[in-house]
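Below, each chain spelled out in residue letters.
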Amino acid sequence: MPDTRIRLIAPSGYPHDRAAMARGVARLREAGCELDGLEVLDRSEQRYAGSDAERAADLNALATRDELPDVVLAIRGGYGATRLLTQLHYDALRERLGGSSTVLVGHSDFTALQLALHAKSGLCTFSGPMLGADFGAEALSEFTWRHFWDTVRAPSAQVAWATTSELELDVEGPLWGGNLAVLCSLVGTPYFPAIEGGILFVEDVGEPPFRIERLLYQLHLSGVLGRQRALLLGNFSQCRPSGYDNGYDLGDSFAQIRRASAMPVIDGLPIGHEPDKFTLPFGAPARLRVAGGTAQLSFSDYPHLPPP
């Protein structure tokens, strides 16, 4: 990580937690990283980190840079990336970034950009940590930090986690996914990639169980789930039932989707709005193996930092 060049972008919400942003900047600098794009930390317009034009320009500028950064890091999520999709220069971004080693990383609302950049530019990006909530957390997750650097500094990686699934499974396909609500918001648009035989991962925050079920049904009824080899469930933080639910909870919603879709559903993936998270390459070829309550996911052929 020494001398890693990191460019900050702010495609969604403004940096409301300035202390977290400052901690993230300090930690990355202490690790030997060079940061630019710090001006995005001073932008705000209503709930956004600047105007739509400013936030789209953060990304479009990558297409015209003489020297690309090693890492393009989103500062936070929230909402706002969807408003940029019609303003991105997809052909130019494909020509400049396609085949490069530049790592574009974020999660949550960043999912909208990942979907669009894969659908329109064929780019492989990363679902992973962001500046504020992750690198700037009061207590830095060593799990998240280590897995991020281990993944983006190697041409391939493998992760494993415990699952309650009793399935035995061995499948291969493109790895993709992200925030469930954002995924569903783009179904049926030109910015939603037509991925066949994929390994789809999803996560969300603050949605009650019945809404999670409804979102998963949208993927099922639109045919998206039926075209995948497996569905991986990440963290569903603060997704609590109400008294009206009469005991219906997340487990019931996931069980219903298993019945309705008849596809392998594997839980326990550390991804989403919790401190510990994997860094996963969106669009990379992957292999998923499940047996004995353990899931293993290996992936390769994704952008990664050149050796020092």
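To be clear, the structure that these remarks concern was listed above.
Residues numbered from 1 in each chain as written. Predicted model: local features only at pLDDT ≥ 70, side-chain atom pairs only at ≥ 80, totals over all residues. Heavy atoms only, no water.

Below, the discussion takes up the side chain of Asp267. Locating Asp267 in the fold gives a position in the loop between strand E10 (265–266) and strand E11 (280–282). Here Asp267 is buried and forms no salt bridge, its nearest opposite-charge partner Arg258 lying at an N-O distance of 4.6 Å. Here the side chain of Asp267 touches Thr163 through a polar contact of 2.6 Å, side chain to side chain. Within the local environment of Asp267, its side chain forms a polar contact with the side chain of Thr164, the two groups lying 2.4 Å apart. (Helix = DSSP H or I, 4+ residues; strand = E, 2+ residues; numbered from the N terminus. Buried < 20%, exposed > 50% of the residue type's maximum accessible area, 1.4 Å probe, protein only. Lys, Arg positive; Asp, Glu negative; His and termini not counted. Salt bridge = Lys/Arg side-chain N within 4 Å of Asp/Glu carboxyl O. Polar contact = N/O pair within 3.5 Å; in protein donor to acceptor, adjacent residues only side chain to side chain.)

Attention now moves to the sheet that holds strand E8 (residues 198–205). Picture the strands of a sheet paired through backbone hydrogen bonds; they go either parallel or antiparallel. Strand order in the open sheet formed by seven strands is E6-E13-E12-E7-E8-E9-E10, with mixed pairing between adjacent strands. For this open sheet the edge positions go to strand E6 (156–162) and E10, each flanked by a neighbour on one side alone. Pairing analysis gives six bridges linking strand E7 (residues 169–179) to strand E12 (residues 285–291), with the strands arranged antiparallel. Directly across from Asp170, in E12, lies its bridge partner Arg289. (Pairing = 2+ DSSP bridges.)

This paragraph deals with the nonpolar core. By size, the foremost hydrophobic cluster in this structure holds 51 residues, and its most contacted members are Trp176, Leu180, Leu231 and Phe236. With five residues, helix H4 (residues 111–121) is the largest single contributor of residues to this core. Judged by nonpolar contacts, the second largest core, of 50 residues, contains Ile6, Val171, Leu175 and Val290. (Core = buried A, V, L, I, M, F, W, Y, C linked by side-chain atoms within 4.5 Å.)

Attention now goes to helix H1 (residues 18–30). Between its first and last C-alpha atoms H1 spans 18 Å; for 13 residues at 1.5 Å apiece the expected length is 18 Å, and the two agree. Within H1, burial applies to Ala20, Met21, Gly24, Val25, Arg27 and Leu28. The buried residues of H1 occupy an angular sector of 165° when projected down its axis, which confines them to one face. In this structure, the buried side of H1 is in contact with strand E1 (5–9), strand E2 (34–36), strand E3 (71–74), helix H5 (131–135) and helix H6 (142–152). A positive backbone phi angle near 95° is found at Gly32, which sits one or two residues after H1. (Expected span 1.5 Å × (residues − 1). Arc of directions from axis to C-beta. Contact = heavy atoms within 4.5 Å.)

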